[in-house]
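# An overview of the molecular structure
Take a look at the letters that make up each chain.
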Amino acid sequence: MATVALDPDTTALESALACTQWRTARRLAASEARACVFTLDRAGHLLEGIEEVADPDAARRDTLDAFFAHCPAARLAALAEAATSISDGRCATLPLQGSAATLGQAFALRVEAHGRRVFLVALHAPDAGGGRANWSASWITLLGATLDVLLQRTFDLAAYDTLVEEQRAIIDHIGDGLMVIGQGHVLRHVNSVAGRILGIDPKTSIGKTLNEVIDFEPIVGPIYRTGVGYVDRELIIDSPARHLHLLDTAIPIKNRCGEVVSVVNTFREMRRVRKMAGRYAGNHARFTFDSVVGTSAGTRRALDAAKKAARGASNVLLSGESGVGKEVFAQAIHNASSRSAQPFIAINCAALPHALIESELFGHAPGAFTGAARDGRPGKFESADGGTVFLDEISELPIDVQAKLLRVLQEREVTRIGDTRGIPVDVRIVCASNRDLASMAREKTFREDLYYRCNVIEIDIPPLRERREDIPVLAAFFLERYCTRMHKPTPALTEHALKQLAAYDWPGNVRELENLVEKIVNFDDGERIEDVSSFLRGATRAQPADDAVHVAHRAAPVSLMEAERQAIENALEACRYNVTNCAKLLAVSKPALYAKMKRHGIRLERSIRHKI
Ligand SMILES: Nc1ncnc2c1ncn2[C@@H]1O[C@H](COP(=O)(O)OP(=O)(O)OP(=O)(O)O)[C@@H](O)[C@H]1O
Ligand SMILES: [Mg+2]
């Protein structure tokens, strides 16, 4: 017979039929029935070698060759397909024609497994008589049952092997640590990530019990008894050999009787969880050194110092009046540092209520205090691990929290409220203050040791009135920004207007200038900006208390909510956006003021309404 290129299915079938048991059974059937018994696939490929089919009789080989010369195997397969479809797969006589019919009589049986169809064919001499034909049909039917079991088993095993390989690939390639723990805590699978996290060798660990490979009490133990797993449980493990901080999930696998036979345990490092959470929570800095606008000597000096600070790892203190750009610099330092891919978390120490500040910064253990989250919560320092924490208005940090902060900076680990275990954190601190921390330290209203810790590098950002050269550059920059945002053509600032800006004192610094430009863009539609005095007068409103009250009185009747909003906006403007003074003016606490500002959508860096 001609050699043909076999398709993969044929190869699979051939190897399935190569087993000794099948060969023996087929030979026995062939000799008992005095027939040639062989198997064909649907395309007519002979699945056993012709030598083997003819074995042990050489004369049979000649008969077979002559038969296939008149009825090729492909034709035989087509006849078998048609005949067995009428007989519903059972043994059927094949309608041979012409010379083929004179050479032999053929029976076929159809067998299928996993979508592969084969035909079992018995061919015997035509002179065998009716009795012999029945004899062949019985043997082939019996042999068909064997073939059925053989193919089913072979392909079941192949499918099982594929499944095992797929599972192994999944286990090894997911980003989480994964272990399958059988009864008696025996490790059945350990992937490479689990090996790395736990510091164990996956290969040598499989087959051992959990207790043999780790030096802490496994928490999956009770699951075998209770049948209840858990999802995303936070684990902090401090054993002699390892410190682990994980998010852990354990799912029981039960047998048909409902007994737990194994536990699938997946876990990921908290550091990775935080990184992912930070990416989506927006814990990133947007300003870079390129965002810092200004050409004055003061700005250049501050920029040079900040760039140097960015290259190192020391803590930085940014000092300067409100609105000079301390947060802009803090973000730029982070973005230019080696930590730029890690979180940048800004905390306004003045905005946090005293009672919550500690848990906000350092987190708390499960149920540490009334109202605390049941599962415990990481603090900002933990969330910023690897990155930068920006402590804005650090002067407002309560003295007891200052002591804790100092400990975190010295020991480089945080201890959550209600917990005793320290969690290592690697953060760089950038602080900002618009109050004189040095004199506060002298007066003992700010811890001196903390002051020195934070103030390794001090960068002083001068007020805008001391770097007037920046005013036209900043004004042009903000004009362009707000006109683009409002889809307006950018007007030119006349010489006169620029002089007015230059002569003004800018108590609210760059923020005030930015707000003023935003107002102008909102209210001025001309091609040139000639006179900004009306806007300046609005912003200079020097004596806050009385004016704020008067504005409220003069205004048309409004709702209480609106009156509150107006009062806050007026007070902020009057206090040049200094929240501490504004809170005093409004006779509310700073946290309460921040809460109200949040409720009214008032943002410090945005323009407040323009008073006409
Ligand atoms: N050099 C600068 N270039 C561009 N924009 C600046 C610059 N300085 C400040 N700004 C802008 O001014 C606004 C106020 O800056 P920032 O919030 O950094 O001030 P701050 O010193 O932190 O003020 P506060 O003490 O009130 O928190 C920001 O919205 C920022 O866009
Ligand atoms: Mg700030």
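This text goes with the structure placed above it.
These remarks concern the structure in this document. (Residues numbered from 1 in each chain as written. Chains lettered and ligands numbered in written order. Predicted model: local features only at pLDDT ≥ 70, side-chain atom pairs only at ≥ 80, totals over all residues.)

## Details of the packing of helix H20 (residues 470-485) against helix H22 (residues 509-523)
In contact at an axis separation of 9 Å, H20 and H22 are set at 45° when each is read in the N-to-C sense. Classified by the angle their axes make, H20 and H22 are oblique. Where H20 crosses over H22, the handedness of that crossing is right-handed. Every residue of H22 that contacts H20 at Ile-471, Leu-474, Ala-475, Phe-478, Leu-479, Tyr-482 and Cys-483 is listed here: Val-510, Leu-513, Glu-514, Val-517, Glu-518 and Val-521. Class assignment for the residues of the contact of H20 with H22 results in 11 nonpolar, no polar and 2 charged. (Axes fitted to C-alpha atoms, helices over the stretch in contact; angles between N-to-C directions. Helix = DSSP H or I, 4+ residues; strand = E, 2+ residues; numbered from the N terminus. Parallel < 35°, antiparallel > 145°, perpendicular 65-115°, else oblique. Left-handed = near helix turned anticlockwise from the far one by under 90°. Contact = placed C-beta atoms within 7 Å. Nonpolar A, V, L, I, M, F, W, Y, C, P; charged D, E, K, R; others polar.)

## Focus: helix H13 (residues 297-311)
Under the 1.5 Å per step criterion, the end-to-end length of H13 is 22 Å for 15 residues, consistent within 8% with the ideal 21 Å. Those residues of H13 that fall on the buried side of the exposure criterion are Gly-298, Thr-299, Ala-302, Ala-306, Ala-309 and Ala-310. Down the axis of H13, the buried side of the element spans an arc of 100°, and every buried residue falls inside it. The exposed residues of H13 that point more than 90 degrees off its buried face are Ala-297, Asp-304, Lys-308 and Arg-311. Next to the buried residues of H13 lie strand S10 (316-319), helix H14 (326-336), strand S18 (457-460) and H20. (Expected span 1.5 Å × (residues − 1). Buried ≥ 20, exposed ≤ 12 C-beta atoms within 10 Å, placed from the backbone. Arc of directions from axis to C-beta.)

## A closer look at the environment of Val-293
Locating Val-293 in the fold gives a position in the loop between helix H12 (270-281) and H13. When the C-alpha positions of Val-293 and Ala-281 are compared, they lie 28 Å apart, and in sequence the two are 12 residues distant. In this view, Val-293 contacts Val-473, Leu-474 and Phe-477; residues no more than four positions away in its chain are not counted.

## So, the site of ligand 1
Taken together, 20 residues lie around ligand 1, and Ser-322, Gly-325, Lys-326, Glu-327 and Val-510 are the ones closest in. Put simply, the parts of the chain that give the shell around ligand 1 at least two residues each are H14 and H22. By residue class, the composition of the shell around ligand 1 is 7 nonpolar, 7 polar and 6 charged. (Near = placed C-beta within 6 Å.)

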